[in-house]
Amino acid sequence: MHHQLFTLLRNYYALTPVNRLQLPLILPPNRINDFLVCEILINEHHQRYPPSPEYQKRFWKWAIAHLEELARVKTSGEDDEEFEIDSRIYDYYLSLMLPAGSSSGFPSRSARSQIYGKSDPRSESPPSQSYVTHFWNMIEPPRTSSSSSLPLDRNEYHTASLLESRTVVEGGTTGLRTWLASFFLAQYLILHPDLVSSKCIMELGSGIGFLGIIVASLQQLHESTLKEKGSCWLTDINDEVLNRCRNNVNLPCNISSIHSNIHYRILDWHESSEDDNSSMATIINDDINPDLILGADVAYDPSLIPPLVGTLKVALHHSLRPAIIAITLRNEETWNYFFSSVASASLHVEEITTGFDRPSFWETVENQDMYWVVKLFRITSTAQIKPE
């Protein structure tokens, strides 16, 4: 597949705003037309896990406008190769625009101009939940240079698909969508699969499961080469969020769906601050006994920092296990509060050099221009620090 077509495919499934999309104009219009039909419109993955109707309306309106411009340029040129936009594209866009039950037959030219030239007032309603699909591979962040002419093997890439909310807060929780720090930590683990392969991994604040999908997929991909099979413990305080996490991890399109050793557990960090936190200690240190603890974007709210650090203290104080935490710098006061709390809990923190400047999941909205504000940290008990 041409790398620019693959970029467009990634952007579509990640719901990248259409004003950031580009058609690869260096390719013949018929090839672009066939790509839109075969790789998106009638593709099995698209049929089962499509972006939201609101996004699809915007995308196909954008695509049709550009294809029609290509058709006009083609008509005025000297090239004898015929080009006509596939009628299935018009039909599908019309089906998105018309109310349920209306005819979806091929519209006349006048009807097309009336429908395609106007925005749908229903598109102004709050965004609905949507499937989002992210592509990733085991080698390195994908090529983004527009000058590359080498073909790309799509089979080298895996996918992680999730049903997520498109609003910041839904149902009183921020856990129904994937946040920037999760992409950053996922990329680091993809480049260092030995950290999770054949290990017992516990995630704090798993949300809707993106990082869990990546970890479980890495363990599954390495299962045949390792004697011990890894396990995942995905935890959150919210039942609805944890149920969504389970559903996403088990989507048949995700490699994680065939992993047989994934567990889901309600974990209330506030229990760590109780006089008797033996119940939490038993859950973490006896029931789960993880080799590595992960957390992404778990220190965004100052009110959560004391219970979070308390939970890390319970998990790390009498163990050699580390925690890797990904933090997005949104507020310097919150950032400093987290690190001072970690120090007060007799925990040691050091920044991790990632080896990449931005993760594979660059097509996401949050990831376009903000990847520099995410940092990874390794947190351990000070008991592990040997005096010089």
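Definitions and limits used
Residues numbered from 1 in each chain as written. Predicted model: local features only at pLDDT ≥ 70, side-chain atom pairs only at ≥ 80, totals over all residues. Heavy atoms only, no water. Axes fitted to C-alpha atoms, helices over the stretch in contact; angles between N-to-C directions. Helix = DSSP H or I, 4+ residues; strand = E, 2+ residues; numbered from the N terminus. Parallel < 35°, antiparallel > 145°, perpendicular 65-115°, else oblique. Left-handed = near helix turned anticlockwise from the far one by under 90°. Contact = heavy atoms within 4.5 Å. Nonpolar A, V, L, I, M, F, W, Y, C, P; charged D, E, K, R; others polar. 1 Å grid on protein atoms, 1.4 Å probe; cavity = no way out; pocket = protein on both sides within 12 Å on 5 of 7 lines; lining within 4 Å. Points joined across faces, edges and corners; volume = space filled by probe spheres on them. Buried < 20%, exposed > 50% of the residue type's maximum accessible area, 1.4 Å probe, protein only. Expected span 1.5 Å × (residues − 1). Arc of directions from axis to C-beta. Polar contact = N/O pair within 3.5 Å; in protein donor to acceptor, adjacent residues only side chain to side chain. Pairing = 2+ DSSP bridges. pLDDT = per-residue confidence, 0-100. Core = buried A, V, L, I, M, F, W, Y, C linked by side-chain atoms within 4.5 Å.

> Help me understand the packing of helix H2 (residues 29-41) against helix H5 (residues 87-97) in this model?
For any two helices packed against each other, the geometry comes down to the angle between their axes and how far apart the axes lie. Following both chains from N to C, one finds H2 and H5 inclined at 50°, their axes separated by 10 Å at the closest point. Comparing their axes, H5 and H2 come out oblique. Relative to H5, the crossing made by H2 is left-handed. For the pair formed by H2 and H5, the contact residues are Asn33, Leu36, Val37 and Leu41 on the first element and Arg88, Ile89 and Tyr92 on the second. Across the contact of H2 with H5, the residue classes tally to five nonpolar, one polar and one charged.

> Please clarify how empty space enclosed by the protein should be interpreted in this entry.
Regions of empty space are outlined by a rolling probe, equal in size to a water molecule, passed over the atoms. Under the counting rule described, the total for this entry stands at two cavities of 30 Å³ or more. Of the voids in this model, the second largest cavity is the one considered here, and its volume is about 30 Å³. Lining the second largest cavity are Ile201, Met202, Glu203, Leu211, Gly212, Val215, Cys232, Trp233, Leu234 and Leu294. Broken down by secondary-structure element, the contributors of at least two residues to the lining of the second largest cavity are strand S3 (200-204), helix H8 (210-221) and strand S4 (231-236). Of the residues that constitute the lining of the second largest cavity, the class distribution is eight nonpolar, one polar and one charged.

> Which parts of the structure should I look at to understand the environment of Arg31?
Following the sequence through the fold, Arg31 ends up in helix H2. For Arg31, a relative accessible area of 40% translates into the label partly exposed. Counting along the chain gives 26 residues from Arg31 to Leu5, while the straight-line C-alpha distance between them is 9.7 Å. When residues no more than four places from it in sequence are discounted, the contact partners of Arg31 are His2 and Leu5.

> Explain helix H12 (residues 332-344) here, please?
Because each turn of an α-helix spans 3.6 residues, side chains separated by three or four positions in sequence point in the same direction. Taking 1.5 Å per residue as the helical rise, H12 with its 13 residues ought to reach 18 Å, and the 18 Å between its terminal C-alpha atoms agrees with that figure. Considered for burial, the residues of H12 that qualify are Thr334, Trp335, Phe338, Phe339, Ser341 and Val342. When H12 is viewed along its axis, its buried side chains cluster within an angular range of 160° and face the same direction. Those residues of H12 that are exposed and aimed more than 90 degrees away from the buried face are Glu332, Glu333, Ala343 and Ser344. Check the buried side of H12 and you find it contacts helix H11 (305-316), strand S7 (323-328), strand S8 (347-351) and strand S9 (374-381). The residue sitting at the N-terminus of H12 and contributing the capping side-chain oxygen is Asn331; that oxygen lies 2.9 Å from the backbone nitrogen of Glu333. Ser346 sits one or two residues past H12 and shows a positive phi near 60°.

> Looking at this structure, I do not really get the sheet that holds strand S6 (residues 292-296). What am I missing?
The strands making up a sheet associate through hydrogen bonds between their backbones, and the pairing can be parallel or antiparallel. Strands sit in the order S5-S4-S3-S6-S7-S9-S8 across an open sheet of seven strands; the sheet is mixed. Sheet topology places strand S5 (262-266) and S8 at the edges, where each strand pairs with a single neighbour. Neighbour-to-neighbour, the strand axes of this sheet turn through a mean angle of 25°, independent of strand direction. By the bridge criterion, four bridges tie S3 to S6 in an arrangement that is parallel. Paired with Met202 across the bridge in S6 is Ile293. Running over the sheet, helix H9 (residues 239-249) touches S4 and S5 and is turned about 170° from S5.

> Explain the confidence of the model for the protein chain here, please?
Parts of the prediction with low pLDDT should not have their coordinates interpreted in detail. Of all residues in the protein chain, 81% attain a pLDDT of 70 or more, and the chain-wide mean is 85. The weakest mean pLDDT in the protein chain belongs to helix H6 (residues 109-116) at 47; the strongest belongs to S3 at 98. Here residues 118-124 is a poorly scored stretch, pLDDT under 50, and it has 10 contacts once near neighbours within four places are set aside; other chains count. Of the regions scoring below 50 in pLDDT, residues 142-147 engages in 13 contacts with residues more than four places distant in sequence or in other chains.

> Looking at this model, I keep getting lost on the packing of helix H1 (residues 3-13) against H2. Mind explaining?
Put simply, H1 and H2 touch, their axes get as near as 11 Å, and they point 40° apart. Relative to H2, the element H1 is oriented oblique. Note on packing geometry: the crossing formed by H1 with H2 is right-handed. Listed contacts from H2 to Leu5, Leu8, Leu9, Tyr12 and Tyr13 of H1 are Arg31, Phe35, Leu36, Glu39 and Ile40. Residues that form the contact of H1 with H2 fall into these classes: eight nonpolar, no polar and two charged.

> Looking at this structure, how should I read the nonpolar core?
Nonpolar side chains tend toward joint burial in soluble globular proteins. Residues Leu185, Leu189, Phe210, Ile214, Val215, Leu294 and Phe361 are the most contacted members of the largest nonpolar core, which totals 42 residues. Take this core: its biggest share by element is nine residues, from helix H7 (residues 180-191). The contact partners of Val215, leaving out residues within four places of it in the chain, are Leu189, Val196, Ile201, Cys232 and Leu294. Tyr12, Phe35, Val37 and Leu70 belong to the second-largest nonpolar core, a separate cluster that totals 36 residues.

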